[in-house]
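Chains, contacts and geometry: an overview
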Amino acid sequence: MAEDPQRNFRSIYYEKVGFRGVEEKKSLEILLKDDPLDVEKLCTFSQRFPLPSLYRIHVWKVLLGILPPHAESHLLVMKYRDEQYHDVLHALQVMRYIHEDSPKVEIFLRMYQLETEKLPRQTDITHLEPEDEDFFAIAKAMYEMVKNEVDSYWLIKCFVNQFSHKYGDSLPHLPKSLEYYLSLEDSRLLNHLKSCGAMSKLPYGLWFRKCFAGCLPDSSLQRVWDKLISGSCKILVFVAMEILLSYKIMLLGMSKAESITQFLENMPQENTDAIVSKAVDLWHKHCGTPMHTI
Amino acid sequence: YLEDFKSQASHQLLAAQSRYITQKQITQVLEREMSELYSQLEKKNLLQSAGVVSDKRAGGRATEANT
Amino acid sequence: YLEDFKSQASHQLLAAQSRYITQKQITQVLEREMSELYSQLEKKNLLQSAGVVSDKRAGGRATEANT
């Protein structure tokens, strides 16, 4: 992969998780000792810094409203969440939508469909909608990160809900936004992509509807989702742009839109952490470092 | 302090409500699927008592494959 | 005043819980019935595919009447 030394230099700062990382962890620990938790402050923290993996799932659960801000209620509320999970699971088993060997993601999809009143009749469950594929990708990635199935299901459900409620309307505008920022960062690359008709064929579904699930390895994906869960969907645009910039030389060498799409859909899994770090830099550069929740 | 307590109570109530609403959704789906099953069962009963199954075994099998 | 509010909140939570439990009981009845229906349907499918129905029509009816 061809690297631009200047851009590389910027992110070395992030890749060294030294003193800065320790300081961040400490300040998060202080925030997590608050009772009740200050959700707004936690949002701001995750917008600015990557979450330490030790606390990530806990913070996500708070940000997505799975856990309430009051520590005293955590046990009770998680008991409710657990019961709700098992109630749905059991009903689906009785109705034979799922069985013991059903893949976890399929179980999660049926559960989600039941809870959003979109469960098809048992007699026509073979049919899958395109949005179900998006759900599968997100669910698979989340389950791999979280492992615990009750937590996984709740995180998937609230992530998908938040994503469609909060960002559903901005989703169609993200490709235009990508084009705009790319014109600022690298107009030559943009012109090349336009001239071979690739701009309209970029893997937008993988990037913007699946939120990079199945595109980036989990360790990098988590850092993108930190920003998404804490309230910014613009980060998706900058990760997409950074992918384009990172593979600039390679992309400039391709003249067929199909080859470009194919390459990006099966992007190499190396250096993805650096790509995310640079994307976060670019995002802060263009949108400002968030002091408050966006 | 009161505000704090109110917020805590309302979060608990919300979680309890969500659990209840899901139960209601489960009931609805169960009812829907159950009536589907009943109608399948009735169809089979009808076929049996009309002797269709014994006369047109192949037809009976085809119906089965559809269900 | 806070005590007042606390008691109100706990009543609301209890009410939500009892609504949940009632709904869950409904679900349980429906689920039981559903499993019953499935096993009936399976029995019929089995009978049909084995061709038992056509040979022992009377027996088939008796099974039906028992269910």
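Remember, it's a predicted structure, so these values are computed and weren't measured experimentally.

As for the interface of chain B and chain C
- At the interface, 34 residues of chain B touch 33 residues of chain C.
- Roughly 3,500 Å² is buried in total at the junction of chain B and chain C, and carbon and sulfur atoms are behind 69% of that figure.
- Interface area lost by chain B to chain C is led by Tyr20, Leu37 and Gln48 of chain B, which between them contribute 17%.
- Across the chain B-chain C interface, the total number found is zero salt bridges.
- Inspection of the region where chain B meets chain C yields six residue pairs in polar contact (both at pLDDT 80 or more).
- Only α1 (2-49), α2 (52-55) and α3 (57-66) of chain B provide two or more residues apiece to the side of chain B that touches chain C.
- The greatest single-element share of the side of chain B that touches chain C, amounting to 26 residues, is contributed by α1 of chain B.
- Tallied by class, the residues present in the side of chain B that touches chain C amount to 14 nonpolar, 11 polar and nine charged.

Quick word on the side chain of threonine 22 of chain B
- Counting through the fold element by element, threonine 22 of chain B comes out in helix α1.
- Side-chain polar atoms of threonine 22 of chain B contact the side chain of glutamine 84 of chain A, separated by 2.9 Å.
- A polar contact of 2.7 Å, which involves the side chain of threonine 22 of chain B, links it to the side chain of glutamate 115 of chain A.
- Residues contacting threonine 22 of chain B, with those up to four places away along its chain left out, are Gln84, Val88 and Glu115 of chain A.

Quick look at the interface of chain C and chain A
- The interface is formed by nine residues belonging to chain C together with 10 residues belonging to chain A.
- Interface area, chain C with chain A, both sides summed: about 820 Å², of which 48% is carbon and sulfur.
- When the area that chain C buries against chain A is broken down by residue, the three leading residues are Tyr20, Glu31 and Tyr38 of chain C, summing to 54%.
- Run the count over chain C and chain A and you get two salt bridges.
- Lysine 24 of chain C is the partner of aspartate 87 of chain A in a salt bridge, and the nearest nitrogen-oxygen pair spans 2.9 Å.
- At the boundary of chain C and chain A, one finds six residue pairs in polar contact (both at pLDDT 80 or more).
- Here the side of chain C that touches chain A is composed, by residue class, of four nonpolar, two polar and three charged.

Topic: the nonpolar core
- By size, the foremost hydrophobic cluster in this structure holds 117 residues, and its most contacted members are Phe159, Trp207, Phe212, Trp225, Leu228 and Leu244 of chain A.
- The contact partners of leucine 244 of chain A, leaving out residues within four places of it in the chain, are Leu178, Leu182, Leu189, Leu193, Leu202, Trp207, Leu251 and Leu264 of chain A.
- Ranked by size, the runner-up nonpolar core spans seven residues in total, among them Leu13 and Ala16 of chain B together with Leu13 and Ala16 of chain C.

The rules behind each value
- The written sequence of each chain sets the order in which its residues are numbered from 1.
- Whichever chain is written first becomes A and whichever ligand is written first becomes 1, with later ones labelled in order.
- The model is predicted, so local features are restricted to residues of pLDDT at least 70 and side-chain atom pairs to those at 80 or more, both for listing and for counting; the totals for chains, interfaces and linings are taken over all residues.
- To obtain the side-chain values, all non-hydrogen atoms of the structure were included, while hydrogens and water were left out.
- By definition in these notes, contact holds between two residues if any of their heavy atoms fall within 4.5 Å.
- The quantity reported as buried area is the accessible area (1.4 Å probe) lost by two parts once they are put together, taken as the sum for both.
- Each salt bridge in this description consists of a side-chain nitrogen of Lys or Arg and a carboxyl oxygen of Asp or Glu lying within 4 Å of one another.
- Between N or O atoms, a polar contact is any pair within 3.5 Å; within protein, one atom must be a potential hydrogen donor and the other a potential acceptor, and residues adjacent in sequence are included only when both atoms are from side chains.
- Helix and strand assignments come from DSSP, with helices taken as H or I runs of at least 4 residues and strands as E runs of at least 2, each series counted from the N terminus.
- Under the convention adopted here, Pro, Cys and the residues Ala, Val, Leu, Ile, Met, Phe, Trp and Tyr are nonpolar, Asp, Glu, Lys and Arg are charged, and Gly plus all remaining residues are polar.
- To qualify as a nonpolar core, a set must consist of buried Ala, Val, Leu, Ile, Met, Phe, Trp, Tyr and Cys residues joined through side-chain atoms within 4.5 Å.
- Relative accessible area decides the class of each residue, using a 1.4 Å probe on protein chains only: under 20% of the type maximum gives buried, over 50% gives exposed, and in between gives partly exposed.

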